[in-house]
Amino acid sequence: MILSLLVPAAFAISATVSPGDDVGAVLASLGPGDVITFNNGLYELEGTLRVTEAMGEEGNPVRLAAATGATPVLKAGDFSVLEVRDSDHVVIEGLVLEGPEDWMETGGAGLVIADSDHVQVLGNEIRNLRSDLLRIVGDTTGLVIRDNHLHDTWVGTGIYVGCGDGRCWMSESTLEHNLLHHVGNPDDQRSGIILDNGCQANTLRDNVIFEITGVGLRVESTQLGDANVVEGNAIWNTGSHGMEVVGEALVRNNVVVQAQGIGIRSGNHENNDLRNVRITFNTVALAGQEAVRLDDWANREGMVFSSNAIANITGRGFRYDSDEEDTTNYITSNVVSGLVEGVDPTLFPDWYLPGSGLADFADAVNWDFYPAVNSGLVGVGDPASEAWVPSVDFNGDPRNGASPTVGAFQWSGAGNPGWILAEDFKNTEPTVRIVDGSGGGCCKKNQDGSEAVLLLPLLGLFAGRRRRG
């Protein structure tokens, strides 16, 4: 039985549903403040659940949420699980969306958001689907995709945004702190996250992406819109490139490891509008091809490649592929281990410094890419404003603005005070050491001018493994 309560003053409906109820009928007409609560259990759907023209309001959204302590599982057949279309201010929280038992052979997408604004997707699990786990199409703005566990699609993308040709796009939205893995199959390369042509002014932050048969994360052209920001993400074990940047973007504080293709690749696209790509303070290691490759960068507008830690000792570390001599881009202070191609060190001596390979990191064997004691990464980053120095590092700890560490982590003392790559959500809580200093600086100066690290009580120890059994 469906229990519903009408609140006349607010004209809001509060309904609780259970397995066997006609959930589709309850979702047919939703307005500001309506709350649909899902009790625990398996909901075997007979068709896609559709939320259409559900017009919530700021501070008074339409809400679809799990009951307290419940894990409702919405199970589809040969169709997508849930679609939100032509709606505004909708919250989806705590649900499990999954495909049929034979999901590798049949079925649709997990969650589809189309032509909707201010949709929040919070703390859901989307799994075992033939097509895209999360698909965002049409014109959308103000979306928040946070704390979701998305995994196992056979011929789909983890998160796909856009229409491919720029007819539609997402803007001013945030995808953060999601766990995304096992995308694609051995015979079909599929990407973890794609922001397609036209997507602009979005932030992709603190996501963990691994075991992807194609590209881990790809951002396309903004088509002259504001840059997308890609920061603090961890990406590893991709069948193609770890990250691909072909449009206006600020890419900083990311860790990209063990891409079978290129770790980070940036180059021109058919739109021929490669500009304002700023790749700074990232750590890239153990790539099958080049760790970093920059194509067609010469004499483009606003291009920056600064203070990145690059370690690919058995292959190419850095490749700069251009038919022109570069006289306009800001490229400096990168620490590179591995073969460098396309750069004349006599003409551009400041572009890179030689590194010490994996010895620059605390424990690369166990995937801890924090700088080692006496690492050559410490203190050699470019502090200039042109280098786009982040105010914090991968762990969320402050940067030393006067003498920043190269790569995703700011050195603040021996041992990584924060999160080490693991098959789990990234821990973004405050770490062991909180550092102080002017200008976003790392360390407080003693009277004699030396640096003192401020130690606070231990707030957490984080550990984990990087392989699924």
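Residues numbered from 1 in each chain as written. Predicted model: local features only at pLDDT ≥ 70, side-chain atom pairs only at ≥ 80, totals over all residues. Heavy atoms only, no water.

Across all of its chains, the model carries 26 salt bridges by this definition. Across the pair R190 and D188 runs a salt bridge, and its minimum N-O distance is 3.0 Å. For D188, a relative accessible area of 21% translates into the label partly exposed. We note a salt bridge from D206 to K426, for which the minimum N-O separation is 2.8 Å. Taken together, the positions of D206 in the loop between β23 (203-205) and β24 (208-212) and K426 in the loop between β41 (368-371) and β42 (444-445) put the pair 220 residues apart, joining distant regions of the chain. (Salt bridge = Lys/Arg side-chain N within 4 Å of Asp/Glu carboxyl O. Buried < 20%, exposed > 50% of the residue type's maximum accessible area, 1.4 Å probe, protein only. Helix = DSSP H or I, 4+ residues; strand = E, 2+ residues; numbered from the N terminus.)

On average, the protein scores 88 in pLDDT, and the residues at 70 or more come to 88%. The model gives residues 1-9 a pLDDT under 50, and that stretch makes 19 contacts with residues more than four places away or in other chains. In the predicted structure, residues 434-469 sits below a pLDDT of 50 and forms 76 contacts with residues beyond four places in sequence or in another chain. (pLDDT = per-residue confidence, 0-100. Contact = heavy atoms within 4.5 Å.)

The next subject is the side chain of N416. Residue position: N416 is located in the loop between β41 and β42. According to the relative accessible area criterion, N416 is buried, its value standing at 16%. A distance of 3.1 Å separates polar atoms of two side chains, one belonging to N416 and the other to N395. Reaching out from N416, the side chain makes a polar contact with the backbone nitrogen of G418 at a distance of 2.9 Å. N416 has contacts with D368, Y370, N395 and F409, leaving out every residue within four places of it along the chain. (Polar contact = N/O pair within 3.5 Å; in protein donor to acceptor, adjacent residues only side chain to side chain.)

What follows covers the state of the cysteines. A complete count under the given rule lists 1 disulfide for this structure. With its sulfur 1.7 Å from that of its partner, C163 forms a disulfide with C168. Note on the C163 and C168 pair: the S-S dihedral is about 105°, so by sign convention the disulfide is right-handed. The exposure class assigned to C163 is partly exposed, which follows from its relative accessible area of 24%. (Disulfide = S-S within 2.5 Å.)

What follows deals with the pairing of strand β7 (residues 72-75). Look at any regular strand and the pattern is simple: side chains alternate between the two faces of the sheet. The side-chain alternation of β7 yields two buried faces, one formed by P72 and L74 and the other by V73 and K75. Alignment of strand β4 (residues 41-44) against β7, held across 4 bridges, turns out to be parallel. The residue bridging Y43 from the neighbouring strand is L74, located in β7. Judged from the 3 bridges that link them, β7 and strand β10 (residues 96-98) form a sheet pairing that is parallel. (Pairing = 2+ DSSP bridges.)

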